[in-house]
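Residues per chain are reported as follows:
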Amino acid sequence: MEIAYYLPGVIACDTLIASTRLLSKKEWVFSRKFRHPACTISLRLLCITRDLAAICQWDWRLHRAGHMVAASYLYTGDSDFARSYMVLVNGRTPVCQVDICQADKDELSEIYHPAPGDYIIRFLLNTEKKKVRPLHVKALQTCIEYFFSFPEVKQLIADVDKSEPLHQDLALKAGFRFRKKLHHNYSMSGLYALHRHHCFL
């Protein structure tokens, strides 16, 4: 149950991407407190030197391509259409990593036709216990609430690989709805969507 939230350093005229341009990698962009269990979930910009090791532990495929992953995060951080965030519990424990990108600038737009206000969201979980925990759901819902606090974000689109059942489960539990299957060059994924008017957090 939510009891409080805040957006440090964000003013009403900011857009999602512009609002983080002047923030350091140590500043929280959004925090939300929960009562059951008692915890605070916070978002900050991803810091490669601090966060890459944890991310690579969560997915062995990323560990094998560490330099390419680091370069990708650097590119995202410098862009004017995407951002990467780290989600932590009580300011210490990383639980989730989230990327968000304007849909018409994302590679997914080659096989999915975005509408104005669509943003692509991708997430990576700390799933050591191989199951989606309530904390994971709270972490993703905190991200959703932060993203929808910006009026230009009308709908969040999640492209979830069919080989990631935990990510599929998390998307549904966080409020996304399955829309259709997508066929990529060498894989298949599910397209999940959440419109701001259907978001009840």
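Below is a summary of the structure that appears in this document.

Cut-offs and rules
Residues numbered from 1 in each chain as written. Predicted model: local features only at pLDDT ≥ 70, side-chain atom pairs only at ≥ 80, totals over all residues. Heavy atoms only, no water. Phe/Tyr/Trp six-rings, centres within 6.5 Å; stacked < 30°, edge-to-face > 60°. Helix = DSSP H or I, 4+ residues; strand = E, 2+ residues; numbered from the N terminus. Buried < 20%, exposed > 50% of the residue type's maximum accessible area, 1.4 Å probe, protein only. Contact = heavy atoms within 4.5 Å. Polar contact = N/O pair within 3.5 Å; in protein donor to acceptor, adjacent residues only side chain to side chain. Core = buried A, V, L, I, M, F, W, Y, C linked by side-chain atoms within 4.5 Å.

Moving on: the packing of aromatic side chains. Counted by the stated rule, this structure contains six aromatic pairs. Residues Phe30 and Tyr146 carry aromatic rings whose centres are separated by 5.5 Å and whose planes lie at 35° to one another, so their mutual orientation is tilted. Of the two residues, Phe30 sits in strand E2 (residues 28-35) while Tyr146 sits in helix H4 (residues 134-148), which places them 116 residues apart along the sequence. Summarising the burial analysis for this pair, Phe30 and Tyr146 share the class buried. Judged by centre distance (5.4 Å) and plane angle (70°), the rings of Phe178 and Tyr192 are edge-to-face. Of the two residues, Phe178 sits in strand E8 (residues 177-183) while Tyr192 sits in strand E9 (residues 188-195), which places them 14 residues apart along the sequence. According to the relative accessible area criterion, Tyr192 is buried, its value standing at 4%.

This paragraph deals with the environment of Ser189. Note that Ser189 resides in strand E9. We classify Ser189 as buried; its relative accessible area is 2%. Separated by 28 residues in sequence, Ser189 and Asp161 have C-alpha atoms that sit 4.1 Å apart. If we ignore the near neighbours within four places in the chain, the residues touching Ser189 are Asp159, Val160, Asp161, Lys162, Lys180, Lys181, Leu182 and His184. At 2.8 Å, the side chain of Ser189 and the side chain of His184 are in polar contact.

The subject of this paragraph is the nonpolar core. Leu16, Phe123, Phe147, Leu156 and Phe176 are the most contacted members of the largest nonpolar core, which has 42 residues in total. The greatest single-element share of this core, amounting to nine residues, is contributed by H4. If near-sequence neighbours (up to four positions away) are discounted, Phe176 is found in contact with Ile121, Leu140, Ile144, Leu156, Ala158, Ala171, Tyr192, Ala193 and Leu194. Within the second largest apolar cluster, ten residues are counted, among which are Leu46, Ala54, Cys56 and Leu124.

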